[in-house]
Amino acid sequence: MAIPSPGCSKPPPAAIAGTLLNETMRWEEPGLPAVDRRVLTYVPTAGKESAPMPLVLVFHGWGGGPHLYHEKFTFGKLAEEAGFLAVYPEGLSDVHGAWYPKRSWNTGDTTVEKIDAPTEVCDPKEVTAKGVCYQSCIIKYGKCKKCSWTTCYDDFAFIMKLLDDVEKRYCIDLSSVFAYGCSNGGVFAHALARKAPGKFKAIAAGCGAKPHRGYETNFTAGGEPVSMVLFQGGEDWTIPAKTPKPHARWWDGYIYASDTAVRKAYKDYNKCSNQGPRPFVQPPHVHSQQMSCTEYGYDCAENSKVVECEFRGGHDLVLGLGANEIMDGPELAWNFFCEQAQLRENCRMRQYVSLKLHWLLESLSRLPMILAFASVLCLLNLLLLWAHRRSMRCGHFSPVQTREEVEESPPAALGCKTTSPVGASEQP
């Protein structure tokens with residue numbers, strides 16, 4: 001049953017339904033300069049209705065931006081089809097002198113050293129890339145730590161404030177709030193699941209996103225269950241499925257929990273009692289990049305689940321497009337969210353009925369061209385058949401006719417052209 005947010009008591013914002021809003025939110029925290037945080041919000045056409053909408057927060061990867069996810073990665077199209085509110089916060093790039101924006105998310109384990117961490121999050125001897133020093137980290141700690149690679153602003157507090165504002169402004173179903181993130185954004189989605197499990201029903205971690213080793217078990221004690229699906233590329237050398245061996249040429253030196261450890265952490269937290277894994281059924285349109293999904297955690301508290309989808313690819317989203325022109329990664333994540341919030345009928349019906357209607361209309365628009373093509377083929381077949389029969393009757397016989405049967409029908413009587421032998425005289 002839907003739990004309406006405070007925004008449901010106000011008239012629906014019909015004037016902005018179907019549009020992408022580009023807004024800023026003033027953010028202040030002690031000891032750091034105030035900043036304007038950019039947030040994109042897409043209100044689907046269904047947002048004109050008074051029914052509470054599901055909410056999906058989409059977090060970009062390190063150095064990325066929100067527009068890419070709404071447009072190229074088809075979250076906007078998916079939000080419109082499925083009828084959920086899509087919110088795209090933007091990470092901070094408080095790096096002076098950077099020649100391109102280095103937007104990032106402070107996940108809690110990206111700005112630490114061994115002295116305040118359960119384990120090292122990087123191996124300084126193996127780090128091959130120069131670290132990025134954010135001004136907020138210099139202000140907070142006097143220097144940039146050896147393993148730091150993101151901003152030091154409190155992004156968790158920022159998102160909690162953003163959620164509060166969104167719930168007051170729009171009519172949201174508080175039992176259907178989800179988070180999707182790629183890479184650094186996916187690591188941040190894990191952090192939200194661990195720190196605020198009561199806020200999020202489920203998360204999806206794209207681009208192989210996993211917490212740094214030692215942080216995957218830091219869940220809030222006594223918190224509500226939270227489902228998780230992980231998308232892991234088999235050729236991901238940025239956040240690999242397993243920690244690489246020392247001195248691996250492709251390794252950048254940062255240490256992440258393995259996919260096995262992350263699955264186990266969620267299974268333990270969600271009190272899953274199943275013994276072995278089982279296949280996870282993918283939606284009809286999702287079939288790209290040789291992706292296979294496995295349900296590692298089920299029979300869990302409040303029907304929560306732990307799923308991992310492995311695909312042929314690297315450190316990226318699952319980019320394949322189905323017949324509905326929605327990328328497979330976002331679509332499968334949404335399907336997973338719907339199931340976990342028990343919105344299967346509402347969400348999937350709204351999505352797939354629309355998709356089937358789109359397919360039907362598209363097919364009807366092509367019908368005249370198909371009929372014209374079929375008519376031409378039919379006419380050609382009739383002409384070929386007529387020519388074939390005429391040639392058989394004019395002296396060429398088919399395999400099923402005897403020569404005697406052919407000779408019984410005079411050519412002239414059949415409309416065939418006859419000629420006299422050369423030198424023969426005409427009879428009077």
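Residues numbered from 1 in each chain as written. Predicted model: local features only at pLDDT ≥ 70, side-chain atom pairs only at ≥ 80, totals over all residues. Heavy atoms only, no water.

S.K.: Got a sec to walk through the nonpolar core? Specific residues and values, please.
M.R.: One finds L55, L85, I159 and Y266 to be the most contacted residues of the largest nonpolar core, which totals 48 residues. Discounting residues that sit within four places of it in the chain, I159 has contacts with L57, F59, P89, W105, F188 and L192. In this structure, Y42, F75, A79 and F178 belong to the second largest nonpolar core, which totals 40 residues. (Core = buried A, V, L, I, M, F, W, Y, C linked by side-chain atoms within 4.5 Å. Buried < 20%, exposed > 50% of the residue type's maximum accessible area, 1.4 Å probe, protein only. Contact = heavy atoms within 4.5 Å.)

S.K.: Please give an account of unusual backbone geometry that cites residues and values.
M.R.: One non-glycine residue, C207, lies in positive phi territory at about 60°. Turning to its location among the elements, C207 is positioned in the loop between β6 (202-206) and β7 (227-233). Not every positive phi belongs to a glycine, and D299 is a case in point at roughly 55°. Looking at the secondary structure, you find D299 in the loop between β9 (292-297) and β10 (306-311). (Helix = DSSP H or I, 4+ residues; strand = E, 2+ residues; numbered from the N terminus.)

S.K.: I'd like a description of the sheet that holds strand β8 (residues 278-279), backed by residues and values.
M.R.: Taking strand neighbours across the sheet as the criterion, the ten strands line up as β1-β2-β4-β3-β5-β6-β7-β10-β9-β8 in an open arrangement whose pairing is mixed. On the outer flanks of this sheet lie β1 (19-29) and β8, each paired with one strand and no other. Relative to strand β4 (residues 85-89), strand β3 (residues 53-59) runs parallel, the two sharing three bridges. Looking at the pairing, L57 lines up with V87 of β4. In the packing of helix α4 (residues 155-169) onto the sheet, contacts are made with β1, β2 (32-43), β3, β4 and β5 (172-182), and the angle to β1 comes to roughly 130°. (Pairing = 2+ DSSP bridges. Axes fitted to C-alpha atoms, helices over the stretch in contact; angles between N-to-C directions.)

S.K.: Residues and numbers for the packing of aromatic side chains, please.
M.R.: Two descriptors summarise a pair of aromatic rings, namely the distance from one centre to the other and the angle between the planes of the rings. Considering all chains together, one arrives at 15 aromatic pairs under this definition. Geometrically, the ring pair formed by W27 and F158 is edge-to-face, given 5.7 Å between the ring centres and 70° between the ring planes. One end of the pair, W27, is in strand β1; the other, F158, is in helix α4, and 131 residues separate them in sequence. F158 sits in the buried class, given a relative accessible area of 0%. Through a chain of ring-to-ring contacts, three or more aromatic side chains come together here, namely F84, F178, W334 and F337. Lying over the aromatic face of F158, R37 brings its terminal NZ or CZ to 4.0 Å of the ring centre. For K195, the ring lying beneath its charged end belongs to F156, and the centroid distance is 5.3 Å. (Phe/Tyr/Trp six-rings, centres within 6.5 Å; stacked < 30°, edge-to-face > 60°. Lys NZ or Arg CZ within 6 Å of the ring centre and 35° of its normal.)

S.K.: Provide a residue-level description of the pairing of β2, including the pertinent values.
M.R.: In this sheet, β2 lies alongside β1 in antiparallel orientation, the contact comprising ten bridges. Bridged to R26 within β2 is D36. In textbook terms, the turn of a hairpin is the stretch between consecutive antiparallel strands, and for β1 and β2 this stretch comprises two residues, one of which, G31, has a positive phi near 85°.

S.K.: Give me the state of the cysteines: which residues, what numbers.
M.R.: As enumerated under the stated definition, the model contains seven disulfides in all. Each disulfide pairs two cysteine sulfurs, and for C137 the partner residue is C152, the sulfurs being separated by 2.1 Å. Its S-S torsion of approximately 95° makes the covalent link between C137 and C152 right-handed. Of this pair, C137 sits in helix α3 (residues 135-141) while C152 sits in the loop between α3 and α4, and the two are 15 residues apart along the sequence. The burial state of C137 is the same as that of C152; both residues are buried. With a sulfur-sulfur separation of 1.9 Å, C182 is cross-linked through a disulfide to C207. An S-S torsion of about -100° defines the bridge between C182 and C207 as left-handed. Taken together, the positions of C182 in strand β5 and C207 in the loop between β6 and β7 put the pair 25 residues apart, joining distant regions of the chain. On the basis of relative accessibility, which here comes to 0%, the residue C207 falls in the buried class. (Disulfide = S-S within 2.5 Å.)

S.K.: Quick one: what's the story with helix α5 (residues 184-195), residue by residue and with numbers?
M.R.: Taking 1.5 Å per residue as the helical rise, α5 with its twelve residues ought to reach 16 Å, and the 16 Å between its terminal C-alpha atoms agrees with that figure. Residues of α5 that are buried make contact with β3, α4, β5, β6, β7 and α6 (259-269). (Expected span 1.5 Å × (residues − 1).)

S.K.: Can you tell me about α6, naming the residues and giving the values?
M.R.: All of the buried residues along α6 are D259, V262, R263, A265, Y266 and Y269. On an axial view of α6, the arc spanned by its buried residues comes to 160°, and they lie on one face. Buried positions along α6 lie against α5, β6, β7, β9 and β10. In the segment just after α6, K271 is the residue with positive phi, at about 55°. (Arc of directions from axis to C-beta.)

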